[in-house]
Amino acid sequence: MESSHSPKERILRRSAALFHTQGFRATSLQQLLDAAKVTKGTLYHYFSGKDALGLAVLDRAKSDFLATLDDVFANRSPGQGLAAFLDFVLKMHRGKGFAGGCLFGNTALEMSDADSRYAESVEQLFRVWVGRFETVIRAAQEQGELRGDISPRNLAVMMVATIEGGIMLARLQKKEGPLKACLDGLKTFLGLNTK
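Structure report, in brief.

Basis of the calculations
- Residues numbered from 1 in each chain as written.
- Predicted model: local features only at pLDDT ≥ 70, side-chain atom pairs only at ≥ 80, totals over all residues.
- Heavy atoms only, no water.
- Helix = DSSP H or I, 4+ residues; strand = E, 2+ residues; numbered from the N terminus.
- Expected span 1.5 Å × (residues − 1).
- Buried < 20%, exposed > 50% of the residue type's maximum accessible area, 1.4 Å probe, protein only.
- Arc of directions from axis to C-beta.
- Contact = heavy atoms within 4.5 Å.
- Axes fitted to C-alpha atoms, helices over the stretch in contact; angles between N-to-C directions.
- Parallel < 35°, antiparallel > 145°, perpendicular 65-115°, else oblique.
- Nonpolar A, V, L, I, M, F, W, Y, C, P; charged D, E, K, R; others polar.
- Left-handed = near helix turned anticlockwise from the far one by under 90°.

**Focus: helix α8 (residues 152-173)**
Between the first and last C-alpha of α8 there are 31 Å, a value that for 22 residues agrees with the 32 Å anticipated at 1.5 Å per step. Within α8 the residues assigned to the buried category are P152, L155, A156, M159, V160, I163, E164, G166, I167 and A170. End-on view of α8: buried residues confined to an arc of 160°, all on one side of the axis. In this structure, the buried residues of α8 make contact with α5 (78-95), α6 (103-111), α7 (116-142) and α9 (177-190).

**Description of the packing of helix α1 (residues 7-22) against helix α4 (residues 50-73)**
Axis separation between α1 and α4 bottoms out at 9 Å; the angle between their running directions is 85°. In this view, α1 runs roughly perpendicular relative to α4, as classed from their interaxial angle. Here E9, I11, L12, S15, A16 and F19 of α1 lie close against α4, whose contacting residues are K50, L53, G54, A56, V57 and R60. Each residue belonging to the contact of α1 with α4 can be placed in one class, and the counts come to 7 nonpolar, 2 polar and 3 charged.

**Quick look at the packing of α4 against α5**
Here α4 crosses α5 at 130°, and the two axes come no closer than 8 Å. The pairing of α4 with α5 is recorded here as oblique in orientation. At the point where α4 passes α5, the crossing takes the right-handed sense. Here F65, T68, L69, V72 and F73 of α4 come into contact with α5, specifically with P78, G81, L82, A84, F85 and F88. Partitioning the contact of α4 with α5 into residue classes produces 9 nonpolar, 2 polar and no charged.

Listed below in structure tokens is the structure:
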């Protein structure tokens, strides 16, 4: 495992911040080098080019996100886990001042028609995310924690799409209102009963 102070880790961390706010195409190689305080030779020692770095940033972000999902759902009932995740999303984006949005949603919008490698990477993350929600929703329905009249798969897709849409609107307006409305609406629609 790389040290958190290694040039590779610094490149990944600083590049992630730029890609997240500026996008992959709008971020220049020089901006990446300046942000990471490395030479072109150092960057190319670890990554074959900007796209290889971009895909590595996405892979790291996916691993981090899935670990966060695991943490949020740990030691909670399924319904409590869903409610906690919705609360986590609002808190996280509030802490960022609603800037940057979601790296995965941003990448889907920016790159899905331009580069199949990015599209496949993000699609894989969304597939896993929907699958995890589907499993948790099914368990919550079985325990009577949320409505049971809609398939877990459909509810999982709806949740992910609503979260992503709320994040996008909050980023656009730099206000929590749109995201909070989406998340509160999900709780009501799902009939989350976690008390």
